[in-house]
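The lines below spell out each chain.
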Amino acid sequence: MRLARALGDPIRDSSEFALLADVRLNVVCCTLTADGSQEAVQRFVDALHDGGLAFMMPTVVFGRPGARAAFSNWRTGDEDVAIVWRAMCDATACERGPVPA
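The rules behind the values
- Residues numbered from 1 in each chain as written.
- Predicted model: local features only at pLDDT ≥ 70, side-chain atom pairs only at ≥ 80, totals over all residues.
- Heavy atoms only, no water.
- Salt bridge = Lys/Arg side-chain N within 4 Å of Asp/Glu carboxyl O.
- Helix = DSSP H or I, 4+ residues; strand = E, 2+ residues; numbered from the N terminus.
- Buried < 20%, exposed > 50% of the residue type's maximum accessible area, 1.4 Å probe, protein only.
- Phe/Tyr/Trp six-rings, centres within 6.5 Å; stacked < 30°, edge-to-face > 60°.
- Polar contact = N/O pair within 3.5 Å; in protein donor to acceptor, adjacent residues only side chain to side chain.
- Contact = heavy atoms within 4.5 Å.

Undergrad: Explain the pattern of salt bridges here, please?
TA: Should their charged atoms come close, side chains of opposite charge can pair. A complete count under the given rule lists 4 salt bridges for this structure. The partner of Asp 78 in a salt bridge is Arg 2, with the nearest N and O atoms 2.7 Å apart. Of the two residues, Asp 78 is situated in helix α3 (residues 78-92) and Arg 2 in helix α1 (residues 2-13); the sequence distance between them amounts to 76 residues. Among the residues examined, Asp 78 registers a relative accessible area of 31% and is labelled partly exposed. For Arg 2, a relative accessible area of 48% puts it in the partly exposed group. Ionic pairing is found between Arg 43 and Asp 35, a salt bridge with its closest N-O pair at 4.0 Å. Since its relative accessible area comes to 34%, Asp 35 is described here as partly exposed.

Structure, rendered in structure tokens:
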């Protein structure tokens, strides 16, 4: 849950992403602020997959398309959260801001 919150924090502070729900457990759901359409979110998810560093799934939360990251592997650490955040920024050309700690 700590790692999910660590990813949720820069998403919350970003102008390119918006959280679709509060991060309460091990799941982070977000969407793109510029174009949160299902097609744009799918392109974002595809770009993440093509980059080979992060894996998120498309989802719908409260009727809004988004991407879902779930933290479930016990070997996942802070450095992995930083990798995911950088991959998300690379996929959207956003300003990275602070890397999650």
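Undergrad: It is not clear to me how the packing of aromatic side chains should be interpreted in this structure. Could you clarify?
TA: Each aromatic ring pair is described using two quantities: the centre-to-centre distance and the angle formed by the ring planes. Applying the stated criterion across every chain, the model contains 2 aromatic pairs. Summarising the aromatic geometry, the rings of Phe 17 and Phe 44 are spaced 5.6 Å apart at their centres and angled 55 degrees between planes, so their arrangement reads as tilted. Remark: Phe 44 occurs in helix α2 (residues 38-51) and Phe 17 occurs in strand β1 (residues 17-19); sequence separation between them is 27 residues. Each of the two residues, Phe 17 as well as Phe 44, counts as buried. In textbook terms, an aromatic cluster arises when at least three aromatic residues are bridged by ring pairs, as seen for Phe 17, Phe 44 and Trp 85.

Undergrad: Would you mind showing me how to read the side chain of Thr 31 here?
TA: The residue Thr 31 is located in strand β2 (residues 27-32) in this model. Overall, the relative accessible area of 3% leaves Thr 31 in the buried class. In terms of polar contacts, Thr 31 uses its side chain to reach the backbone carbonyl oxygen of Pro 65, at 2.8 Å. When residues no more than four places from it in sequence are discounted, the contact partners of Thr 31 are Glu 16, Phe 17, Ala 18, Leu 20, Gly 36, Val 41, Arg 64, Pro 65 and Gly 66.

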